[in-house]
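# Observations on chain architecture
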Amino acid sequence: MSKEDADMAGGSDDFAGKVVLVTGGASGIGLAATKIFAGRGAAVGIADIDAAGGQAAAAAINDAGGRALFVETDVTDEPAVKHLVDTVVSELGGLHCAFNNAAYGGRMVPFEQSTLAEWNRVITISLTSVYLCMKHEIAHMMGAGGGAIVNTSSGAGIVGCPRFEAYSAAKHGVLGLTKSAAMEFARSNIRINAICPGHTDTPMQAQLTDGDPELKEWIMSTTTTGRMANPAEVAAAAVWLCSKEASFVSGDSMMVDMGIVCR
Ligand SMILES: NC(=O)c1ccc[n+]([C@@H]2O[C@H](COP(=O)([O-])OP(=O)(O)OC[C@H]3O[C@@H](n4cnc5c(N)ncnc54)[C@H](O)[C@@H]3O)[C@@H](O)[C@H]2O)c1
């Protein structure tokens, strides 16, 4: 674990005895979250389509004396998502928290050049997957006395994002899903929140601006500080929303962007 991740972990073991599931846990924000949860005592189920990255993430936690299990999963595939939840529950002993974080952004293109195939890909991976994960996580949590779920939206889920319509629509959808389910399951002791990261230094962000220095310059010009978040700074917000400190927080869309979209 890097010093940065260890600092985020805070040396506390407040997740001891808890089982947490992180989707998209092989990379970026999800990977940072797996380290923080594990550093705070959780057993961590890691889901991703990237088998090598997911196995490495689980091995790093297990080698450091923690407990992690990688389940190769395409979160757009309902039987696979059900298998994921069932496996985490049976192998790690429950499911107390879930961070539904996997997504696909695609590239920014003028709207008239966008295609239905790419629209469907973005919506399926970035929105439908969150619905599927929540459906099977909640089914377990309902029978287990409750839990906490955090979904990853985006600043693009709060404000419009020209040339990135499908992604912005998916991330707005994640907030609608989060708020509606938070109301529906409050009496079942299931808290459901979202984080809305700003630009974060991850492979997805690098892919977005790959080979386009003008786009990268424009993205940096939209930050308030001249830097992107590092993944652990964003993951820490999701961990807090899952923690006991957030026991009366549900239905929230927490911005983690140093004030980009609040202006
Ligand atoms: N990086 C940013 O600037 C930024 C900003 C706002 C929101 N976000 C959101 O943060 C979340 C994490 O993104 P990141 O930047 O860490 O990206 P990332 O590319 O580093 O990680 C995303 C992970 O999701 C996995 N994944 C993709 N499709 C999958 C599928 N069908 N099934 C299972 N796993 C799948 C990938 O393999 C990858 O490991 C995403 O929801 C993203 O939309 C990122």
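Each remark here, short or long, concerns the structure printed above.
Residues numbered from 1 in each chain as written. Predicted model: local features only at pLDDT ≥ 70, side-chain atom pairs only at ≥ 80, totals over all residues. Heavy atoms only, no water.

## What about the overall build of the protein chain?
When helices and strands are counted, the protein chain shows 9 helices and 7 strands. Taken against the 2.2 N^0.38 rule, which gives 18 Å for 263 residues, the C-alpha radius of gyration of the protein chain at 17 Å falls within 12% of a compact globule. Here the protein chain holds 263 residues, and the buried ones make up 50% of them. For the protein chain, the computed accessible surface area is about 12000 Å², with 55% contributed by carbon and sulfur atoms. (Helix = DSSP H or I, 4+ residues; strand = E, 2+ residues; numbered from the N terminus. Rg over C-alpha atoms; globule rule 2.2 N^0.38 Å. Buried < 20%, exposed > 50% of the residue type's maximum accessible area, 1.4 Å probe, protein only. Areas by Shrake-Rupley, 256 points an atom, 1.4 Å probe, with all protein chains shown as cover.)

## Some words on the sheet that holds strand β3 (residues 67–72)
As summarised here, the arrangement of the 7 strands in space is β3-β2-β1-β4-β5-β6-β7, forming an open sheet in which the pairing is parallel. In this open sheet, the two strands that pair with only one neighbour each are β3 and β7 (253–256). Direction aside, neighbouring strands of the sheet carry axes that sit 20 degrees apart on average. Where helix α2 (residues 28–39) meets the sheet, its contacts fall on β1 (19–23), β2 (43–48), β4 (97–100) and β6 (190–197), and the angle it forms with β1 comes to roughly 170 degrees. Packed on one face of the sheet, helix α5 (residues 116–143) meets β1, β4, β5 (147–152) and β6 and runs near 175 degrees to β5. (Pairing = 2+ DSSP bridges. Axes fitted to C-alpha atoms, helices over the stretch in contact; angles between N-to-C directions. Contact = heavy atoms within 4.5 Å.)

## Observations regarding the site of the ligand
Near the ligand you find 28 residues, and of these S27, D48, Y167, T202 and Q205 are the closest. D48 places a side-chain nitrogen or oxygen 2.6 Å from an oxygen atom of the ligand. In this structure, Q205 approaches the ligand through a side-chain N or O atom, which is 2.7 Å from an oxygen atom. For the ligand, the protein covers 91% of the area, taking 830 Å² as the surface of the free molecule. Of all the elements, helix α7 (residues 203–209) adds the most residues to the shell around the ligand, at 3 residues. Of the residues contributing to the shell around the ligand, the split by class is 11 nonpolar, 13 polar and 4 charged. (Near = heavy atom within 4 Å. Polar contact = N/O pair within 3.5 Å; in protein donor to acceptor, adjacent residues only side chain to side chain. Nonpolar A, V, L, I, M, F, W, Y, C, P; charged D, E, K, R; others polar.)

## Topic: the packing of aromatic side chains
Within the structure shown, the criterion is met by 2 aromatic pairs. Taking the centre distance of 5.3 Å and the plane angle of 85 degrees together, the rings of F15 and F37 count as edge-to-face. Here the residue F15 occupies a position in the loop between α1 (3–9) and β1, and F37 occupies one in helix α2, the gap between them amounting to 22 residues. Both residues of the pair, F15 and F37, belong to the buried class. Its guanidinium or amino end placed over the ring of Y104, R121 lies 4.0 Å from that ring's centre, counting from NZ or CZ. (Phe/Tyr/Trp six-rings, centres within 6.5 Å; stacked < 30°, edge-to-face > 60°. Lys NZ or Arg CZ within 6 Å of the ring centre and 35° of its normal.)

## A word on the nonpolar core
Across soluble globular proteins, nonpolar side chains show a tendency to be buried alongside one another. In terms of nonpolar packing, the biggest core is built from 37 residues, with L21, V88, M134, I138, I149, I190 and I192 touching the most fellow members. Secondary structure elements with two or more residues in this core: β1, β2, α4 (78–92), α5, α6 (165–185), β6 and α8 (213–221). Discounting chain neighbours no more than four positions away, the residues touching M134 are N100, I149, N151, L177, A181 and I192. Ranked by size, the runner-up nonpolar core spans 33 residues in total, among them A32, A57, V150 and L241. (Core = buried A, V, L, I, M, F, W, Y, C linked by side-chain atoms within 4.5 Å.)

## Examining unusual backbone geometry
Most of the time, phi is negative for any residue but glycine, and the peptide bond is trans. For R163, which is not glycine, the phi dihedral falls at a positive 70 degrees. With respect to the element layout, R163 can be found in the loop between β5 and α6. Of the residues examined, R163 reaches a relative accessible area of 48% and is grouped as partly exposed. Unlike most non-glycine residues, M258 shows phi in positive territory, near 55 degrees. In this structure, M258 sits in the segment after β7. Under the relative-accessibility criterion, M258 is labelled exposed at 62%.

Interpretation note: all reported values are geometric properties and have no functional meaning in isolation.
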